[in-house]
Amino acid sequence: MNELMKALIFTLDAVPPSEEASQASKAANPAIQAAQKRLTNLEFDNLWEAISNIEHASELDNFTMGFRLGGQLTLEGLRPIYPTDQAAVSAPPCPPQ
């Protein structure tokens, strides 16, 4: 099940970035270049990995919560609807036709 959820997350993650995300990436580029110049390759890779882990830390939690909510909504939609009106509940059944 975990492998299936990971596959679904990575499939959904392949969506192209929004215009806002592209603009934010372009705006961050000078800071990234400055950090890359000041840090060793190992330090920069560690920093990049840490930032990436922070960014993606809640994705599995959000997916799990959404998956559970979807399941609950599906089950709720499949549950039979019973009348709450006591008169309707106590009414005699309709004769067969």
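Reading the values: rules and limits
Residues numbered from 1 in each chain as written. Predicted model: local features only at pLDDT ≥ 70, side-chain atom pairs only at ≥ 80, totals over all residues. Heavy atoms only, no water. Helix = DSSP H or I, 4+ residues; strand = E, 2+ residues; numbered from the N terminus. Buried < 20%, exposed > 50% of the residue type's maximum accessible area, 1.4 Å probe, protein only. Areas by Shrake-Rupley, 256 points an atom, 1.4 Å probe, with all protein chains shown as cover. Salt bridge = Lys/Arg side-chain N within 4 Å of Asp/Glu carboxyl O. pLDDT = per-residue confidence, 0-100.

S.K.: Help me understand the overall build of the chain, please; the structure alone is not making it clear to me.
M.R.: On a plain count of helices and strands, the chain comes out with five helices and zero strands. The order of α-helices and β-strands along the chain, N terminus first, is α-α-α-α-α. Counting the 97 residues in the chain, one finds 5% classified as buried. When the accessible surface of the chain is totalled, it reaches about 8800 Å², and 62% of it is carbon and sulfur.

S.K.: How should the pattern of salt bridges be read in this particular structure?
M.R.: Considering all chains together, one arrives at one salt bridge under this definition. Between Glu-76 and Arg-79 there is a salt bridge, with its nearest N and O atoms 2.3 Å apart.

S.K.: Help me understand the environment of Phe-63 in this model?
M.R.: Inspection of the secondary structure assignment puts Phe-63 in helix α4 (residues 59–78). Of the residues examined, Phe-63 reaches a relative accessible area of 16% and is grouped as buried. Remark: the alpha-carbon pair of Phe-63 and Lys-6, spanning 57 residues in sequence, is separated by 9.6 Å.

S.K.: Looking at this structure, I do not really get the confidence of the model for the chain. What am I missing?
M.R.: In low-pLDDT segments, the atomic positions of the prediction should not be examined closely. Across the chain, the average pLDDT comes to 80, with 76% of residues at or above 70. The element-level mean pLDDT for the chain is lowest in helix α5 (residues 86–90), coming to 56, with helix α2 (residues 19–38) highest at 89.

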